[in-house]
Amino acid sequence: MEYSIKDIASITGGDLQTANPETTIRYIAIDSRRILFPERTLFFALVTTHRNAHIFIHDLIKAGVTNFVVSEPVADIPLNINSVRVKDGLQALQMLAAYHRAQFNYPVIGITGSNGKTIVKEWLNQLLEADHNIVRSPKSYNSQVGVPLSAWQMSPEHDLAIFEAGISTVKEMKRLEKIIHPTIGILTNVLQAHDEGFDSKEQKAKEKLKLFSDSDLVIYNSDDKIVDKAARELSARLFSWGKKDHADLKIISVDKEKAGAKISAIFQDQNILITIPFTDEASVQNAITCWCLMLVFKIPAEVIQERMLLLQAVEMRLQLQAGINDCAVIDDSYSFDLNSLEIALDFLKQQKQYTQRTIIVSDIPGDATDEQYQKVITLLHKGGISKLITIGKQWQHRSELVDENFKLYSFKNLDEFVEGFPLSSLHKELILIKGARKFGFERIVSLLISKTHQTVMEINLSAIIHNLNQHKSKLKPGTKLMAMVKAFGYGSGSSELASLLQFHQVDYLAVAYADEGIDLRKSGINLPIMILNSDEATFHNLIEYNLEPELFSFGILSSFIQYLKSQGIKNYPVHIKLDTGMHRLGFSGDDMDKLGLLISSDHITVKSVFSHLVASEDGHEDVFTRQQFDLFQECCNKLQHSLTYKFMRHIGNSAAISRHSNMQLDMVRLGIGLYGIGEDSLHLIPAATLKTTIAQIREVKEGDTVGYNRKGKVLKDSLIATIRIGYADGFRRILGNGAGKVWVNAHLAPVIGNVCMDMTMIDVTDVPGVKENDTVEIFGSNLPVQQLAAWANTISYEILTGVGQRVKRVYLQE
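Here goes a summary of the coordinates provided. (Residues numbered from 1 in each chain as written. Predicted model: local features only at pLDDT ≥ 70, side-chain atom pairs only at ≥ 80, totals over all residues. Heavy atoms only, no water.)

### Overview of the overall build of the protein
Regarding its fold elements, the protein presents 26 helices and 40 strands. Relative to a compact globule of 814 residues, whose C-alpha radius of gyration would be 28 Å, the protein shows 29 Å and is just as compact. Considering only C-alpha atoms, the protein reaches an extent of 95 × 90 × 60 Å along its principal axes. A total of 814 residues make up the protein; the buried ones form 56% of that total. Within the protein, contacts between residues separated by at least 24 positions form 65% of all contacts whose residues are at least 6 apart in sequence. Summed over all atoms, the accessible surface of the protein reaches about 34,900 Å², with 49% contributed by carbon and sulfur. A gap of 1 Å separates the mean positions of the 86 positive and 95 negative side-chain charges of the protein. (Helix = DSSP H or I, 4+ residues; strand = E, 2+ residues; numbered from the N terminus. Rg over C-alpha atoms; globule rule 2.2 N^0.38 Å. Buried < 20%, exposed > 50% of the residue type's maximum accessible area, 1.4 Å probe, protein only. Contact = heavy atoms within 4.5 Å. Areas by Shrake-Rupley, 256 points an atom, 1.4 Å probe, with all protein chains shown as cover. Lys, Arg positive; Asp, Glu negative; His and termini not counted. Charge placed at Lys NZ, Arg CZ, Asp CG, Glu CD.)

Okay, structure coming up:
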């Protein structure tokens, strides 16, 4: 559906300023970096704690966007631009989404709860997509912003909607209810976790149930007395499940076997049964919730059983992995609809290090029209795809829709692709694999990813974005941010992180050596890059790749100026390092007069003067930190008198951003904080997880030994597992002989014996249910890297940067 800008002004109660009131809008956007169709997009300039989107309006106008919703004046707007001025941009977005939702009369399922919302939504889509054309929330779009964006997707071609809603405090759900206005409600559960915004569990349950204040039917677990009591206050018809007699679906038993769980129940005095291919308790509860809805929809028991058996795990995150022939692979092989395709293409666009972009795509599920296939083609054009590989008969029937801008390969099924497509022809390409589940595209993924050993380091890009925004929220207006991506991005991969940070508009990058900067330039990074360690051998490359050196001594400064003179180069950007207490590199306070004369050379432009705080994270050293800052300011003031222009000043690092906000100055440098290590008050998320697997498990008798030099003494009959990681991968030898532990099946297992080069042995005697090929977490969300560092008598920096290069990095975005 489309709306005119005049209609939108009326719906939102805004003041319209337009040259063409009949301009039609098809798309809405809140992120200036994620606009595929600028000429038909309405951009909402939202103001949040992290940013004011009004600052991006002029850049968007240059990119072709002509329609905006604003809540404050914007200067120098061209006459051909349409704008709707409102009091609150978010409220206007929600009003428009609520109006749009009201245009449709088909069933809308609203899902809320403490957890399980996205899994239930995606499983319902799997279970019902054969019967319905479903529109649903992309990923976990369940916030005050995500819900209106989800509802905007509704169109006449759909006949069922499934949206999830999440809240963090009181009074939020009322706004979401107006948008979703569900006819059927599902409450997954109400847990004590994340209770900060609520006085009690009772209040939390009532707030969540407000989503269903005007619903016809609500599904919930009545075994929870608090939830049951709150649900009975609703006017809707209730459908409950649980183990108690009053439940509509009474659960009799859950029998867990190796292949899955059999769930027996009584419904309408009949014994019924489903089997699911999962055994964990969360999956059992989520499956029962879905079962309830299928019973409400009167789906035959045999159909329910058949579909439940085929349930697949929901992959919550996109994965970027190293592929064959220097390619990279984005794995999105578990679903296919236009909305998830847009999200995947957006993720693809962030990867600037690849110029050749390829997609392997299946038929659209269901009875898709030519118009839908044409939409896919348009999206692929906007996403920069040049090679299109289609698998499915529907694509073959529509080959005439694919224009000559694509290099097209078409196959009727997966077997034909595997047998007929030469994988060797893929080289240095970014490959998106996008397919409906029934096509089994995980087989393609296994063919295209590099075959490495089973130790991987997962980098959660969404966590890095969160951590970046948390630090940005502490910055004063006008303070720039330099991101440190040295040492292979603290072990996480420099070019991948640099692409992400460039996409999220940091101001500067910094690396240790020129080689790192050159690699970033070759990967498509065009942000300013500061090189922390330069020498005369690198001067040519600095100039060739537009890299900005840190100059820290009279020798290196004089040599660089002389080199610039010899090349006839003037005003080259440089950064001056001062030593205010670290005593590592930099000019001392006594050098300022001589330094002032040298930096006045017209061959250089001083972009910044900076120093390094020694102990900004340590409250016991705050007096020394203040002394450093005062000395830095004094030196900068002296240098400023030598120049006719102003330079940036920066001394604040990750810890200082929040602990010493008065030291932010013109720019701050964010390093380890990006990766989730820092102040508790920032609520950072660990971005890196190092995982491996169990290669073998053996029984070892009391009195025997494990490992080199017989260091691992077995004190009782034990179960010993060998895991696929050693000191060559960064698991330090000091962690051997019980000093370190790993996380297996929700238990800590100690290292026994010496750590080997490629393998390590752990004692799993007290770990229930352990088996070969189980996943082992070395550090991550369950075992913080700080703890591993403490066991190794070192710091988190050394653990992260010490992860070996042979360990495959997998990049995830939620």
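### Some points on the packing of helix H4 (residues 117-128) against helix H9 (residues 281-296)
Packing of H4 against H9 leaves a shortest axis separation of 10 Å and a crossing angle of 50°. The angle between H4 and H9 falls in the class oblique. Here H4 and H9 pass one another in a crossing that is right-handed. Contacts between H4 and H9 involve Ile119, Val120, Trp123, Leu124, Leu127 and Leu128 from the first element and Ser283, Asn286, Ala287, Thr289, Cys290, Leu293 and Met294 from the second. Within the contact of H4 with H9, the residues separate by chemical class into 10 nonpolar, three polar and no charged. (Axes fitted to C-alpha atoms, helices over the stretch in contact; angles between N-to-C directions. Parallel < 35°, antiparallel > 145°, perpendicular 65-115°, else oblique. Left-handed = near helix turned anticlockwise from the far one by under 90°. Nonpolar A, V, L, I, M, F, W, Y, C, P; charged D, E, K, R; others polar.)

### Quick word on the pairing of strand E13 (residues 237-242)
Direction of pairing for strand E12 (residues 217-221) relative to E13: parallel, over a ladder of five bridges. The residue bridging Ile219 from the neighbouring strand is Phe239, located in E13. In this fold, E12 hands off to helix H8 (residues 225-231), which returns the chain to E13; that crossover is right-handed. Judged from the two bridges that link them, E13 and strand E14 (residues 249-256) form a sheet pairing that is parallel. Bridged to Gly242 within E14 is Lys250. (Pairing = 2+ DSSP bridges. Right-handed = clockwise from strand over helix to strand, strands pointing away.)

### Observations regarding the sheet that holds strand E2 (residues 15-17)
Strand pairing in a sheet is mediated by backbone hydrogen bonds. Such pairs are either parallel or antiparallel. As summarised here, the arrangement of the five strands in space is E2-E7-E6-E5-E4, forming an open sheet in which the pairing is mixed. Unpaired on one side and paired on the other, E2 and strand E4 (27-29) mark the two borders of the sheet. Strand after strand, the sheet turns through a mean of 20° between neighbouring axes, direction not considered. In this sheet, strand E5 (residues 41-44) lies alongside E4 in parallel orientation, the contact comprising three bridges. The residue of E5 that forms the bridge with Tyr27 is Thr41. Lying on the sheet, helix H1 (residues 5-12) is in contact with E2, E5, strand E6 (67-70) and strand E7 (82-85); it crosses E7 at an angle near 5°. On the sheet, helix H3 (residues 89-101) packs against E4, E5 and E6 and is oriented at approximately 140° with respect to E5.

### What about the side chain of His650?
With respect to the secondary-structure elements, His650 resides in strand E30 (residues 648-650). Residue classification places His650 among the buried positions, given a relative accessible area of 0%. Here Ser608 takes part through its side chain, which lies 2.9 Å from a polar atom of the side chain of His650. Excluding residues that lie within four positions of it along the chain, His650 makes contacts with Met482, Ser608, Val609, Phe610, Ser611, Phe632, Met667, Val668 and Arg669. (Polar contact = N/O pair within 3.5 Å; in protein donor to acceptor, adjacent residues only side chain to side chain.)

### Concerning the sheet that holds strand E28 (residues 572-577)
On the basis of which strands lie adjacent, the open sheet formed by eight strands has the order E30-E29-E28-E27-E26-E25-E24-E31 and parallel pairing. Each of the sheet's edge strands pairs with one partner strand only, and the pair in question is E30 and strand E31 (667-670). The sheet shows a mean angle of 30° between the axes of neighbouring strands, taken without regard to direction. Bridge analysis of strand E26 (residues 529-533) against strand E27 (residues 548-551) gives two bridges, and the strand direction is parallel. Across the sheet, Met530 pairs through a bridge with Glu548, a residue of E27.

### Overview of helix H19 (residues 514-522)
Those residues of H19 lying buried are Ala514, Glu516, Gly517, Ile518, Leu520 and Arg521. Looking one or two residues beyond H19, the residue adopting positive phi is Gly524, at roughly 90°.

### Some thoughts on the pairing of E5
What you see with E5 is no split at all: Thr41 and Phe43 on one side and Leu42 and Phe44 on the other are buried throughout. Pairing geometry for E5 and E6, over three bridges, is parallel. In the strand pairing of E6, Leu42 is matched with Asn67. Taking the sense of rotation as the criterion, the β-α-β connection linking E5, helix H2 (residues 57-62) and E6 turns out right-handed.

### Digging into the environment of His100
When you line up the elements, His100 lands in helix H3. Each C-alpha atom, one on His100 and one on Gln454, is 48 Å from the other, the two residues being 354 residues apart in sequence. If sequence neighbours within four positions are ignored, His100 has contacts with Met1, Tyr3, Ala151, Trp152 and Met154.

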